[in-house]
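Examining the three-dimensional arrangement
Next come the chains, spelled out residue by residue.
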Amino acid sequence: MAKILVATEKPFAPIAVKGIRDAVESAGFELVLLEKYTSKNELLNAVKDVDAIIIRSDIIDTEVFDAAKQLKIVVRAGAGYDNVDLSAATAHNVCVMNTPGQNSNAVAELVFGLLVFAVRGFYNGASGTELKGKKLGIHAYGNVGRNVARIAKGFDMEIYAYDAYCPAEVMEKDGVKPVASAEELYSTCQIVSLHIPATAETKNSINFVLLNKMPKGAILVNTARKEVIDEAGITKMLEERPDFKYITDIKPAIDADLAAKYPDRYFATPKKMGAQTAEANINAGIAAANQIVDFLVNGNEKFRVNK
Ligand code: 3PG
């Protein structure tokens, strides 16, 4: 009987785990749980005899693939798969998938939670501003970006987006104004919400030169990845632009320094929580389980991300 491991340092909601268990067991497979593990050895031990793994932001590298002799498939329950070494997976003949779109509403809702908090002075009681009528720039128009646009309409914001890989017509159909470059997006919009993946091309790409193009009262909200931010650039912006706020769901390495120096213009959530809702956990977790069952039973590789 095939064994499917859920290995989540940051666990799913119990109701999602129940849904995953039902999907796995009704297909005749066995479910094994490794939650809140604190050392890599625990993970290496748990993967030894499993056929499939469901993960979140958990790091799956060569060492894990070496230890997992029976492994056929890893599904990242979520969007970004920068935590999985894709070439090591391919070298070990393991299929890697993600579950696109399943947790994007949760992340998009958090963007607005963070934005209202930012424009209301981190709830300090002083007079703030509103989102209505402000220019919002969506940097990358994928599943999360599209949900951000949908919610921004309710706030009556003027919505712009830049995405090198998404046709302008897709944005226009949603009532979003496409712009031709990241530079144009940042110089047009007072508020920018980041939704780019962490790739070789995007790492450190959000730098001082780009950010400094933003108009007065600039706010950058990051629910994407910390790797895309140039930390020196963010520090310089906070130092040189007293009007700039950085609100992030992913703490940079310099979190403690920034929090101490800029308590009214820098905020990071205690733990990455964009996709941490029961609904997102259920959607992404059960999709991952179903994709694994479909792969093991029928060989379906629809959501494969490695070559
Ligand atoms: C994703 O890439 O799907 C999100 O960043 C969510 O990540 P998480 O599963 O670690 O919360």
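Residues numbered from 1 in each chain as written. Predicted model: local features only at pLDDT ≥ 70, side-chain atom pairs only at ≥ 80, totals over all residues. Heavy atoms only, no water.

1. Here's the deal with the domain arrangement of the protein chain
Note the threshold: The split of the chain into domains comes from an automatic or database domain assignment. Here a residue-residue contact requires only that any non-hydrogen atoms of the pair lie within 4.5 Å. In this description, buried area is defined as the sum, over both parts, of the accessible area (probe of 1.4 Å) that is lost when the two are combined. Each salt bridge in this description consists of a side-chain nitrogen of Lys or Arg and a carboxyl oxygen of Asp or Glu lying within 4 Å of one another.
Segmenting the protein chain into domains produces domain 1 (3–102 + 277–298) and domain 2 (104–268). On a C-alpha basis, the centres of domain 1 and domain 2 stand 31 Å from each other. Tallying the contact residues gives eight residues for domain 1 and six residues for domain 2. Roughly 470 Å² is buried in total at the junction of domain 1 and domain 2, and carbon and sulfur atoms are behind 43% of that figure. Among the residues domain 1 hides against domain 2, the three largest losses belong to Asp82, Gly101 and Thr277. Together they make up 67% of the total. Counting every contact that joins domain 1 to domain 2 gives one salt bridge.

2. Quick look at the packing of helix H5 (residues 104–119) against helix H6 (residues 143–154)
Inclusion rule: Axis definition: a line fit to C-alpha positions, over the contact stretch in the case of helices; interaxial angles, taken between N-to-C directions, run 0 to 180 degrees. For helices the rule is a DSSP run of H or I covering at least 4 residues; for strands it is a run of E covering at least 2, with both sets numbered from the N terminus onward. An angle below 35 degrees is treated as roughly parallel, one above 145 as roughly antiparallel, one from 65 to 115 as roughly perpendicular, and anything else as oblique. Crossing handedness is read from the near helix: turned anticlockwise from the far helix by less than a right angle, it gives a left-handed crossing, and turned clockwise, a right-handed one. The nonpolar class holds Ala, Val, Leu, Ile, Met, Phe, Trp, Tyr, Cys and Pro. Asp, Glu, Lys and Arg form the charged class, and all remaining residues, Gly among them, are polar.
Contact pair H5 / H6: the axes reach a minimum separation of 8 Å and the direction vectors enclose 50°. One finds that H5 runs oblique with respect to H6. Handedness of the H5/H6 crossing: right-handed. Here H5 contributes Ser104, Asn105, Val107, Ala108, Glu109, Val111 and Phe112 to the contact with H6, which in turn contributes Asn143, Val144, Asn147, Val148, Arg150, Ile151 and Ala152. In the contact of H5 with H6, the residues fall into eight nonpolar, four polar and two charged.

3. Some thoughts on the sheet that holds strand S4 (residues 73–76)
Note the cut-off: Two strands make a pair as long as DSSP finds a minimum of two bridges between them.
Ordered in space as S2-S1-S3-S4-S5, the five strands form an open sheet in which the pairing is parallel. The open sheet has two free edges, formed respectively by strand S2 (30–35) and strand S5 (95–98), since each of these has just one partner strand. Going from strand to strand, the sheet's axes swing by 20° on average, the running direction of each strand aside. Examined bridge by bridge, strand S1 (residues 3–8) and S2 share six bridges and lie parallel to one another. In the strand pairing of S2, Thr8 is matched with Glu35. Packing of helix H1 (residues 14–26) onto the sheet brings it into contact with S1, S2 and strand S3 (52–55), and relative to S2 it is tilted by some 155°.

4. Considering the packing of aromatic side chains
Which entries qualify depends on this criterion: The criterion for an aromatic pair is that two Phe, Tyr or Trp rings (for Trp, the six-membered ring) have centres within 6.5 Å, with stacked assigned to planes under 30 degrees apart, edge-to-face to planes over 60 apart and tilted to the rest. Whether a residue is buried, partly exposed or exposed follows from its accessible area with a 1.4 Å probe, protein chains only, as a fraction of its type maximum: under 20%, in between, or over 50%, in that order.
Considering all chains together, one arrives at six aromatic pairs under this definition. Seen from their ring centres, Phe117 and Phe122 are 4.7 Å apart, and the 5° between their planes marks the pair as stacked. By the burial criterion, Phe117 is buried, and Phe122 matches it. Arranged with centres 4.7 Å apart and planes meeting at 65°, the rings of Phe117 and Phe267 form a pair that is edge-to-face. You can see Phe117 sitting in helix H5 and its partner Phe267 sitting in strand S12 (residues 266–268), a full 150 residues away along the chain. Judged by relative accessible area, Phe267 falls into the partly exposed class, the value being 25%.

5. What about the sheet that holds strand S8 (residues 177–178)?
What the seven strands build is an open sheet, ordered S8-S7-S6-S9-S10-S11-S12; its pairing is parallel. At either end of the open sheet lies a strand with only one pairing partner, and these are S8 and S12. Looking at chain direction, strand S11 (residues 245–248) and S12 are connected through three bridges and run parallel. Across the sheet, residue Ile247 finds its bridge partner in S12, namely Phe267.

6. As for unusual backbone geometry
The phi torsion of most residues other than glycine is negative, and most of the peptide bonds are trans. A positive phi angle, near 65°, is found at Asn93, a position not held by glycine. Looking at where Asn93 falls in the secondary structure, it is placed in the loop between helix H4 (86–91) and S5. The exposure class assigned to Asn93 is exposed, which follows from its relative accessible area of 66%. The phi dihedral of Phe122 falls on the positive side, at around 55°, and the residue is not glycine.

7. Focus: the packing of H1 against helix H12 (residues 278–298)
H12 packs onto H1 with a crossing angle of 15° between their chain directions and a minimal axis gap of 8 Å. Comparing the axis directions of H1 and H12 gives the class roughly parallel. Judged by the sense of rotation from one axis to the other, the crossing of H1 with H12 is right-handed. Contact residues: H1 offers Ile15, Ala16, Gly19, Ile20, Ala23 and Val24, while H12 offers Ala278, Asn281, Ile282, Gly285, Ile286, Ala289, Asn290 and Val293. Looking at the contact of H1 with H12 residue by residue, the classes come out as 10 nonpolar, four polar and no charged.

8. Some remarks on the site of the ligand
Formally: It suffices for a single heavy atom of a residue to lie within 4 Å of a molecule or strand for the residue to be listed as near it. Polar contact is the term for a pair of N or O atoms within 3.5 Å; when the atoms are in protein, one must be able to donate a hydrogen and the other to accept it, and sequence-neighboring residues count only if both atoms are side-chain atoms. For the area figures, the Shrake-Rupley method with a 1.4 Å probe applies, and any residue is considered shielded solely by the protein chains shown.
Neighbouring residues of the ligand: Lys10, Arg56, Ser57, Arg76, Gly78, Ala79, Gly80, Asn103, Arg225, Lys272 and Ala275. Between an oxygen atom of the ligand and a side-chain N or O atom of Lys272, the distance comes to 2.8 Å. Considering the ligand on its own, with 320 Å² of exposed area, one finds that the protein chains cover 95% of that surface. Taken together, the residues of the shell around the ligand break down into two nonpolar, four polar and five charged.

9. Regarding the side chain of Asp58
Rule in force here: Positive charges are assigned to Lys and Arg, negative charges to Asp and Glu, while His and the chain termini are left out of the count.
Its place among the elements puts Asp58 in the loop between S3 and helix H3 (62–67). Put simply, Asp58 is tucked away with no salt bridge, and the nearest opposite charge, on Arg56, sits 6.3 Å away. From its side chain, Asp58 meets the backbone nitrogen of Glu9 in a polar contact 2.7 Å long. Filtering out sequence-adjacent residues up to four positions away, Asp58 remains in contact with Ala7, Thr8, Glu9, Tyr37 and Asn83.

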